[in-house]
Amino acid sequence: MLIVNREEAVLRELNLYPLWARRGQVPPLPTSGARDSAGESETVSSPGTSREQPAGEHGWPELKAKVRGCTACKLRAGCTQTVFGAGDEKAGWVFVGEGPGADEDARGEPFVGQAGKLLDNMLAAIGLKRGRNVYIGNIVKCRPPGNRAPETDEIAQCLPYLQRQIDLIRPRLIVALGKTAATALLGREAALGSLRGTVHEYRGTPLVITYHPAYLLRSPTEKAKAWQDLCLAVKTMNATAGG
Ligand code: URA
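Residues numbered from 1 in each chain as written. Predicted model: local features only at pLDDT ≥ 70, side-chain atom pairs only at ≥ 80, totals over all residues. Heavy atoms only, no water.

**What about empty space enclosed by the protein?**
Sizing a probe to match a water molecule and rolling it over the atoms shows the empty space that remains. Taken as a whole, the largest cavity holds about 90 Å³ of empty space. For the lining of the largest cavity, the secondary-structure elements that each account for two or more residues are α3 (75-78) and α6 (152-169). Residues belonging to the lining of the largest cavity are distributed by class as follows: 8 nonpolar, 2 polar and 2 charged. (1 Å grid on protein atoms, 1.4 Å probe; cavity = no way out; pocket = protein on both sides within 12 Å on 5 of 7 lines; lining within 4 Å. Points joined across faces, edges and corners; volume = space filled by probe spheres on them. Helix = DSSP H or I, 4+ residues; strand = E, 2+ residues; numbered from the N terminus. Nonpolar A, V, L, I, M, F, W, Y, C, P; charged D, E, K, R; others polar.)

As structure tokens, then:
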């Protein structure tokens, strides 16, 4: 019988092996501390740093209520409910997607559709699990109609909520999933491929950029690159452990 290690077993189950990794390629996760975290659509956004922060002083309950009642942009009128974000509110890892799709709109939770399944598998491949030291959020909290990319003004209205979430969580690392998240968090637009492989910063927190799981579902050969990005994220996390 073939004996495989845990990572390999996960990758095989995902149908990602051997594209994603061979045995021993996963950098070890940090062992200590509670704070141990493309779609290629063209979206331009404003940086989150230079705007008024309507959510800036809120704690979790007020922030959640504020998002629930938000009608600041046109997205709310076309969606079923807001999708606030979910997970460990003291997480070391924050993963940021673009915005809710149909499944998320129906359930009120981020990444619960096909892309979410792949995200769960990506997390598992580096020893993480949704909700355990991991928080998952989106650039916009309301589903854009027809799954279009969120527009600049929609992102500008919504980004302060995510900013406040990140301020409250104080993660050790942020992973931007796809171009919309990367552009919004960096405050500048660039080809996603050119942003990979470098550790950026979002308001002082290390930021690693990789492809959006929905993009990876459409372009499975890019999974190898996403795997490299996740390894960079783990390496970065290890380097910041205890720092
Ligand atoms: N895609 C995203 O960017 N976010 C979700 O929550 C689901 C799909």
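**A few points about the pairing of strand β4 (residues 173-177)**
The element β4 is largely enclosed, with a buried count of 5 among its 5 residues. Summarising the sheet, strand β2 (residues 93-97) and β4 pair through 4 bridges and their orientation is parallel. Paired with Val96 across the strands is Ala176, a residue of β4. Bridge count for β4 against strand β6 (residues 205-210) is 4 bridges, and the pairing is parallel. (Buried < 20%, exposed > 50% of the residue type's maximum accessible area, 1.4 Å probe, protein only. Pairing = 2+ DSSP bridges.)

**Remarks on the environment of Asn133**
Relative to the elements of secondary structure, Asn133 occurs in the loop between α5 (114-125) and β3 (134-138). Using a relative accessible area of 12% as the deciding quantity, one classes Asn133 as buried. In the structure, Asn133 is positioned 38 residues away from Pro171 in sequence and 9.1 Å away in space, judged by C-alpha atoms.

**Quick word on the packing of aromatic side chains**
Scanning all chains against the criterion turns up 4 aromatic pairs. Pairing Trp60 with Tyr135 gives two aromatic rings, centres 5.9 Å apart and planes at 35°, and the pair type is tilted. Of this pair, Trp60 sits in helix α2 (residues 60-68) while Tyr135 is found in strand β3, placing the two residues 75 residues apart along the sequence. As far as burial versus exposure is concerned, Trp60 and Tyr135 are alike and both buried. Judged by centre distance (5.9 Å) and plane angle (10°), the ring pair of Trp93 and Phe95 falls under stacked. With a relative accessible area of 1%, Trp93 lands in the buried category. Exposure remark for Phe95: the relative accessible area of 1% places this residue in the buried category. By the ring-pair criterion, three or more aromatic residues cluster together here, those being Trp60, Phe84 and Tyr135. (Phe/Tyr/Trp six-rings, centres within 6.5 Å; stacked < 30°, edge-to-face > 60°.)

**Some words on the pairing of β6**
Among the 6 residues in β6, 6 count as buried, and that is most of the element. In β6, alternate side chains face the same way, and those of Thr205, Leu207 and Ile209 on one face and Pro206, Val208 and Thr210 on the other are all buried. Counting the residues in the hairpin turn of strand β5 (residues 200-202) and β6 gives 2 residues, including Arg203, whose phi is positive at 45°.

**Digging into α2**
Among the residues making up α2, those that are buried are Trp60, Leu63 and Val67. Burial along α2 is one-sided: seen end-on, the buried residues are contained in an arc of 65°. Those residues of α2 that are exposed and angled more than 90 degrees off the buried face are Pro61 and Arg68. Residues of α2 that are buried in the fold lie against β3 and α6. (Arc of directions from axis to C-beta. Contact = heavy atoms within 4.5 Å.)

**Focus on the nonpolar core**
Among the nonpolar cores identified, the biggest contains 63 residues, and Trp93, Phe95, Ile139 and Leu185 are the most heavily contacted of them. The dominant element in this core, judged by the number of residues it contributes, is helix α10 (residues 223-240), at 8 residues. (Core = buried A, V, L, I, M, F, W, Y, C linked by side-chain atoms within 4.5 Å.)

**Describing α6**
The terminal C-alpha atoms of α6, which comprises 18 residues, lie 25 Å apart, in line with the 26 Å expected from a rise of 1.5 Å per residue. The largest bend along α6 reaches roughly 35° and is located at Cys158, with the proline Pro160 sitting one to four residues downstream. Burial runs high along α6: 13 of the 18 residues are buried. A positive backbone phi angle near 50° is found at Arg170, which sits one or two residues after α6. (Expected span 1.5 Å × (residues − 1). Bend = angle between axes of the 7 residues up to and from the residue.)

**A word on the site of the ligand**
With respect to spatial proximity, the complete set of residues near the ligand consists of Gly97, Glu98, Gly99, Glu104, Pro110, Phe111, Asn138 and His212. Within the backbone of Glu98, a nitrogen or oxygen atom sits 2.7 Å from an oxygen atom of the ligand. At a separation of 2.7 Å, an oxygen atom of the ligand approaches a polar side-chain atom of His212. When the free accessible area of the ligand is taken as 240 Å², the share hidden by the protein chains comes to 92%. (Near = heavy atom within 4 Å. Polar contact = N/O pair within 3.5 Å; in protein donor to acceptor, adjacent residues only side chain to side chain. Areas by Shrake-Rupley, 256 points an atom, 1.4 Å probe, with all protein chains shown as cover.)

**Concerning the environment of Pro206**
For Pro206, the location among the structural elements is in strand β6. Note on Pro206: relative accessible area 19%, which makes it buried. Between the alpha carbons of Pro206 and Thr240 there is a distance of 9.2 Å; along the sequence they are 34 residues apart. When sequence neighbours within four positions are dropped, the list of residues in contact with Pro206 reads Arg172, Leu173, Ile174, Val199, His200, Glu201, Thr236 and Thr240.

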